[in-house]
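Structural features, examined
Letter by letter, the chains look like this.
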Amino acid sequence: MSKPVLPPTEIWFVVGSQHLYGKEALAQVAENARAMVAGLNASGRLPAPLVAKPLMTTSDDIRALCLQANGDARCAGLVLWMHTFSPAKMWIGGLSQLRKPFVHLHTQFNRDLPWGTIDMDFMNLNQAAHGDREAGFMHTRMRIERKVVVGHWQDPAVVDHLAAWMRAARGWAALQGAKFVRFADNMRNVAVTDGDKVAAEMRFGYSVLAHGVGELAAAVAAIGDAEVDRLCGAYEADYSMSADLRRGGARHRFVREQARLELGMRAFLTAGGFSGFTDNFEDLTGLAQLPGLATQRLMADGYGFGAEGDWKTCALLRAMKVMGEGLPGGTSFMEDYTYHLDPVRPLVLGAHMLEVCPSIAAGRPSLEVHPLGIGGKDDPARLVFTAATGPALNASMMDMGNRFRLLVNEVDVVDPPAALPQLPVARAVWSPKPDFATACAGWIHAGGAHHTAFSQAVTTEQLRDFATIAGIELVTLDAGTRLEQLRQDLRMGEVYWALSHGFGR
Ligand code: MN
C-alpha cells in the first residue's frame, strides 16, 4: 500500500573546541565524542541515528559544515556541544548560514568529578560548563531560538529530551518541500480553516496545491473491479463487518464504493507525490460518497488530512504522524464535537462526520454503513470505534494574520460513561487539563480551531520543540494553566510577535 515519503533520519553530532590545548587533548575530545555517539545510538531511546562529525576547531570548518548540512538531504538537524571552550565568534559565519535546526546539548563526558585526582589537564578537557555558556551567548546574541538540553548524556531523562527534539526535527523535515493536495476549496464561510498559504509556505516549507474534484473522480473511476475485490477482502480480514456488507451481501456496494475511492485517492496521492490531502463535503462532484473509510485508512498510513479544506490541520497532522512514528498510540484528525456537561465530571466527545484515524482505536474497528445527514451523497462506509484511554493531546494551528499560533491542550481520554449504540462514528471522550472550564475558556481566548490533530503518541515537549524550530508561537493548556495568566501571556505575546514578525517575514 502507498505511503507518503519519509523524511531524512540522520542527526549530526557536532562538537566544538579550539587549538589551544594541543593535539593530544583534541584527540581525546574526538574519542569521547565518538563514544558518546555510540552510547546514545545504543540507548534504544532515539528515533533516528546520530552521526558523529569531525571536531570543529576553526571558523572555516564550522562554515563548511553548516553549508554541508544545508545541502545534505539526509541531515534533519544538528546536536551542538562544546566539549572544551570554542570561542564563539568562530561560529557566527556558520550559524548565520545554517538552515537546518539545531539543539544545544549541555553535557559533560564524565558524570562525576574525580575529586581525589582532578588536575588542570582534567579541568581543561572538561570545560562545557563555561564553553557551552560562550556558545549560548552567541546563539542568544544572534537571536536563534533553540532547545537547550541539560544533564549527563547517559541519563535516560536527558536522552529522552534529546529524542523529543529529534522527533520534532523529523516532523519539520517532513514538511520541507512537502506537497498537500486540496480537493475543492475550504468550506464556504468558515474562517479558521482558511489562512495565508503564501505565509505558510514561507514559514513551514510546504505547499498546498488545489486540484478539481473532477480529477480525483477520474482517478477513482479508473480503478478496476478486480482491485476493488481484493481490497474488500482485506477489509473483511481487518475489521468486524456484518454479513450484508461482505462480498455477496445486500449492501456490499456501499463498501465497494469506499474501496474504489481509497484506491483512486492512493493513486492520485502517489502520482502527485502528496503527503496529505483535504476534501470538502460541499464539493464532491463526480464522487458517489464522502470519503470516510478511505480517508481513515489513508491517515492510518501516515497521510495528513484536513476536512472541509482545512489544509493547516492536514499539514500539522502529517508532521505529527512523523513525530510520533514508532511510539505507542496513534494520531488522528479530530474535532471537539459535543459536550457532556455533568458538573462533577464534564467531558468532551471528540469525533467528526467520518474521518477519525483507526490508529487511536482501543479495539478492532467495526466497518459500518450509515446515512450521512449532509452532502446529499450515498451512505458512506466508515470505521466505528472508541479511542484508547490514557493521556493524549489536541493540537491546533491558527493563522493569526502576522504569525502562526500552535495551541496544545493536554487531555485524559476516558471510557465513555455509557455505551453509545446509536452513534455511527468513531469517537474519543476526554477530560481536558487543567479542568474543563479553564481549558475551554483558554482555548477560545487563544482563538483555537475546532479542528485539531489529536495524539496519544506526540507530547507537548515535541510540539514545543517543533514550534521553536518553526519560529512560531506556542500556547499550551496543561495541568499548570491558570486562565488569567494565560490571558496576560496572550496579550504580551501580541507585542513580542508584532515586533519579531512585524513585517510578515
Ligand atoms: Mn469539521
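Relevant structure appears above.
What comes next is a walk through the structure. Note on numbering: residues in each chain are counted from 1, in written sequence order. Reporting in this predicted model follows two pLDDT cut-offs: at least 70 for local features of residues, and 80 or more for side-chain atom pairs to be given and counted; totals over whole chains, interfaces and linings ignore these cut-offs and use all residues. With hydrogens and water set aside, each side-chain value is computed from the structure's full complement of heavy atoms.

Observations concerning empty space enclosed by the protein
A pocket, in this scheme, is an open set of points on a 1 Å grid over the protein atoms alone with protein on both sides within 12 Å along at least 5 of 7 lines, while a cavity is a set where a 1.4 Å probe fits but cannot get out; residues line either one if an atom lies within 4 Å of a point. Grid points are joined across faces, edges and corners, and a volume is the space filled by probe spheres set on the points. Enumeration according to the criterion identifies 1 cavity of 30 Å³ or more in this entry. The space that makes up the largest cavity amounts to roughly 50 Å³. Numbering of helices and strands runs from the N terminus, with a helix taken as a DSSP run of H or I at least four residues long and a strand as a DSSP run of E at least two residues long. Per-element tally for the lining of the largest cavity: the top contributor is helix H12 (residues 311-323), with 4 residues. As a working rule, the residues Ala, Val, Leu, Ile, Met, Phe, Trp, Tyr, Cys and Pro are called nonpolar, Asp, Glu, Lys and Arg charged, and the rest polar, with Gly in that last group. Taken together, the residues of the lining of the largest cavity sort by class into 8 nonpolar, no polar and 1 charged.

Notes on the layout of surface pockets
One simple way to see leftover space: roll a probe sized like a water molecule over the atoms. In this structure, the second largest pocket spans a volume of roughly 290 Å³. If one sorts the elements of the lining of the second largest pocket by residue count, H12 sits on top with 4 residues. The residue makeup of the lining of the second largest pocket, split by class, is 6 nonpolar, 6 polar and 5 charged.

Brief notes about the nonpolar core
Nonpolar cores were defined as sets of buried Ala, Val, Leu, Ile, Met, Phe, Trp, Tyr and Cys residues, with membership established by side-chain atoms within 4.5 Å. Burial classes: relative accessible area under 20% of the type maximum marks a residue as buried, over 50% as exposed, and values in between as partly exposed (1.4 Å probe, protein chains only). With 91 residues, the main nonpolar core has Phe13, Phe204, Tyr206, Leu406 and Phe466 as its most contacted residues. The element contributing the most residues to this core is helix H6 (residues 156-175), with 11 residues. The contact criterion used throughout is that any non-hydrogen atoms of two residues lie within 4.5 Å. Beyond its immediate stretch of four places on either side in the chain, Phe13 contacts Ala33, Met36, Val37, Leu40, Leu50, Val51, Ala52, Lys53, Val79, Trp81 and Leu105. Ranked by size, the runner-up nonpolar core spans 33 residues in total, among them Tyr239, Ala259, Leu367 and Ala387.

A word on the coordination of the manganese ion
Only nitrogen, oxygen and sulfur atoms count as donors, using a 2.8 Å cut-off from the metal that widens to 3.2 Å for Na, K and Ca. Water is left out, so coordination shells may look unfilled. Protein-derived coordination of the manganese ion comes from Glu308 (OE), Glu335 (OE), His352 (NE2) and His451 (NE2), at a distance range of 2.1 to 2.3 Å. For the manganese ion, the donor residues sit on a single chain with the sequence spacing E-x26-E-x16-H-x98-H. With Glu335 in strand E11 (residues 331-340) and His451 in strand E18 (residues 451-455), the pair connects residues that are 116 residues apart, well separated along the chain. Accessibility assignment for this pair places Glu335 and His451 in one class, buried.

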